[in-house]
Amino acid sequence: MKKGQVAFLTGTHVVNDLYQGAVPALLPFMMLERGYSYSAVAGITLAATGLSSVVQPAFGMLVDRKSRNWLVPTGFVTAATGIVVAAMSTTYIVTWLAIALAGIGIAAYHPPATNLARAAGGHSQKAMSVFSVGGTLGASLAPPFVTLVVGSLGLSGGYLLAVPAVVAAIWWIVAQSRSAGTGTDAESAQPLSLQLAANGPVSDDWRSFTRLVLVTVCWSIPYVTTLSLVSPYVLNGLNGSSLSAAIVLSSFTLAGAAGTLLGGVLADRRGRRASIRLGYLLAVPSLALLAAAPNVAIAELGIVCLGFAMFLPFAPQVTLAQDYLPNRPGTASGVTLGLAMSVGGIASPLFGYLADHFGPRMAIGATTAVLLVGAVIAFTLRDRRLDPEDETERELDVIALR
């Protein structure tokens, strides 16, 4: 495992997913300042996740054919641009289009960055969990960051939300300059799909991959619904403050970070299926507890348990998808992190409708049945582990860091 490369890529993941987490963090402010309904904010969630998730497999196929590592900084800079425009816009249509642009940037980042992280981490599930937790950490930092900026200056001060992307872009340029100085050319490195075939052909297991995609779909619907509605739920359903709403949202992603790390460690010691199965077994009752919470304190307990449980399977699912399709790892990560997630975004207007007519408690509670289906399918997944010695030989020296 190349720890320096994993750390660098984890840092970029923090920044990229900060802007993914900025979308639900901005929604309460948009409802307050612009009077958006639940259906309107659900439409914004669809813009953020729907288009992004549909195009993400296309980016995956691109990086399977040729390394396009420049998509990493381009992705998070584009995401930042979309978020800033959405925050400072005065019309719903411009806001919607800007959020869609941010989603495309987020989509462009993930396939090449995930391939680079898998190459740097080799056979270690812990390395992928560390990279994955960078995204979770970024999403958890979004609510306090957005609250600090927008809560102090209003949506018109949204231009300050671009600062992390600017810093990360400079960091990337410096790292690439050092890489060139050591003779490491990241752009000329072979795609991960070619590296995975270096020791002879390995077949793609599409049947198992399809089953994993179904599990991810059943994960994405409650995840996206909870992410978009938990803040309004605390504010309007439980009579909480804007601060308590931000704390609950941050707790969801922070607990997810802890779950992601533990999931990687557990997968290294007990196998990936152990992390996946345990995560879904714990997530179902946790989501039910959140939906039934009588006050903010119980909601906080439920959201912490839910975030921890839902992210236990996260990193193992990504590497398992790549091992199901060893000849198309970019496509595998693009579909599992992208297309499957789009179902959650596409379904969000339906749950927004439920929230408008029956309250956010009912909308969140309705997703428990979906998560239960995912838990059942998760128990049918089989493991597929490549030879650890072969995996070591497949590592890419993609970015040189000292």
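Each remark here, short or long, concerns the structure printed above.
Residues numbered from 1 in each chain as written. Predicted model: local features only at pLDDT ≥ 70, side-chain atom pairs only at ≥ 80, totals over all residues. Heavy atoms only, no water.

1. Brief notes about the environment of Thr 91
In plain terms, the rule: A run of DSSP states H or I qualifies as a helix once it reaches four residues; a run of E qualifies as a strand once it reaches two. Both are numbered from the N-terminal end.
For Thr 91, the position within the fold is in the loop between helix 3 (71-88) and helix 4 (92-121). Along the backbone, Thr 91 and Arg 34 are 57 residues apart, and their C-alpha atoms lie at a distance of 9.0 Å.

2. Looking at helix 9 (residues 242-270)
This is how the line gets drawn: Multiplying 1.5 Å by the residue count of a helix minus one yields the expected span of that helix.
Its 29 residues give helix 9 an end-to-end C-alpha distance of 41 Å, which sits within 8% of 42 Å, the value for a rise of 1.5 Å per residue. Where helix 9 ends, the next residue or the one after it, Gly 271, has phi of about 100°, a positive value.

3. What to know about the pattern of salt bridges
Test applied: Basic side-chain nitrogens of Lys or Arg form a salt bridge, by our definition, when they fall within 4 Å of a carboxyl oxygen of Asp or Glu. The buried label applies to any residue whose accessible area, calculated with a 1.4 Å probe on protein chains only, is under 20% of its type's maximum; exposed applies above 50%, and partly exposed to all values in between.
One pass over the structure, following the stated rule, counts four salt bridges. Across the pair Arg 328 and Asp 204 runs a salt bridge whose closest N-O atoms are separated by 2.2 Å. Pair noted here: Arg 328 is in the loop between helix 12 (314-324) and helix 13 (329-358) and Asp 204 is in the loop between helix 7 (192-196) and helix 8 (206-237), with a separation of 124 residues, a long-range link. Assessed through its relative accessible area of 35%, Arg 328 is described here as partly exposed. A salt bridge links Arg 272 to Asp 383; its shortest N-O distance comes to 2.8 Å. On the criterion of sequence distance, the pair formed by Arg 272 in helix 10 (residues 272-292) and Asp 383 in the loop between helix 14 (360-378) and helix 15 (388-393) is long-range, its members being 111 residues apart. Overall, Arg 272 belongs to the buried group, its relative accessible area being 0%. Overall, Asp 383 belongs to the partly exposed group, its relative accessible area being 23%. Taken together, the shared-partner salt bridges in this structure form one network comprising Arg 272, Asp 323 and Asp 383.

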